[in-house]
Amino acid sequence: MELSDFMGLGGLVIAAISLITGFILQKDNRKIKDLEYLNKKMQNALNHSLDALEGYEKIETQIANDEGITLKDYRTKAREKYHVKEHRFLVPSDIKEYRNIEV
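Time to look at the overall build of the protein. Within the protein, the secondary structure is distributed over three helices and zero strands. In terms of C-alpha radius of gyration, the protein reaches 29 Å, well past the compact-globule figure of 13 Å for 103 residues. Across its three principal axes, the protein shows a C-alpha extent of roughly 95 × 20 × 15 Å. Among the 103 residues that make up the protein, the fraction classed as buried is 11%. Of the accessible surface of the protein, which amounts to about 9,000 Å², a share of 62% is contributed by carbon and sulfur atoms. Across the protein, the 16 positively charged side chains and the 17 negatively charged ones have centroids separated by 5 Å.

Structural data, given as structure tokens:
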């Protein structure tokens, strides 16, 4: 075999390696785009959930004000009435923290 034969075979090997690498990178790119889409979708769902929580908190605050008690007392009564074992409710600072999570 001459040098030109080795160069031809080397070129074929390099072409095959680049083809395989390109295929793998394309597949990884597609996975990345799918994950970015899912991330945006989940961020949207999280924002909608946080909006609902803020709304419920405003309702709780209004009910507590109407009853002439503090929000803490209202929540304590609600826990007792509905047998909620959770020891703490989500507070506005938690919601602000969740909204500031980097995506």
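On we go.
This part is about helix α1 (residues 3-67). Helix length check: α1, at 65 residues, gives a terminal C-alpha distance of 94 Å against a target of 96 Å (1.5 Å per residue), a fit within 8%. Of all the residues in α1, the buried ones are Gln43, Leu50, Glu57, Glu60 and Ala64. Among the structural elements, α2 (71-82) and α3 (92-99) are those in contact with the buried residues of α1.

What follows deals with the packing of α1 against α2. Each pair of packed helices can be described by the angle between their axes along with the distance between the axes. The N-to-C vectors of α1 and α2 enclose an angle of 100°; their axes lie 9 Å apart at closest approach. Taken as axis vectors, α1 and α2 run roughly perpendicular relative to one another. For the pair α1 and α2, the contacting residues are Glu57, Glu60, Thr61, Ile63, Ala64 and Glu67 in the first and Leu71, Tyr74, Arg75 and Lys77 in the second. Tallied by class, residues from the contact of α1 with α2 come to four nonpolar, one polar and five charged.

All right, on to the confidence of the model for the protein then. Of the residues in the protein, 93% reach a pLDDT of 70 or more, and the chain-wide mean stands at 85. Within the protein, α3 has the poorest average pLDDT of any element, 75, and α1 the best, 88.

About the cut-offs
- Residues numbered from 1 in each chain as written.
- Predicted model: local features only at pLDDT ≥ 70, side-chain atom pairs only at ≥ 80, totals over all residues.
- Heavy atoms only, no water.
- Helix = DSSP H or I, 4+ residues; strand = E, 2+ residues; numbered from the N terminus.
- Rg over C-alpha atoms; globule rule 2.2 N^0.38 Å.
- Buried < 20%, exposed > 50% of the residue type's maximum accessible area, 1.4 Å probe, protein only.
- Areas by Shrake-Rupley, 256 points an atom, 1.4 Å probe, with all protein chains shown as cover.
- Lys, Arg positive; Asp, Glu negative; His and termini not counted.
- Charge placed at Lys NZ, Arg CZ, Asp CG, Glu CD.
- Expected span 1.5 Å × (residues − 1).
- Contact = heavy atoms within 4.5 Å.
- Axes fitted to C-alpha atoms, helices over the stretch in contact; angles between N-to-C directions.
- Parallel < 35°, antiparallel > 145°, perpendicular 65-115°, else oblique.
- Nonpolar A, V, L, I, M, F, W, Y, C, P; charged D, E, K, R; others polar.
- pLDDT = per-residue confidence, 0-100.

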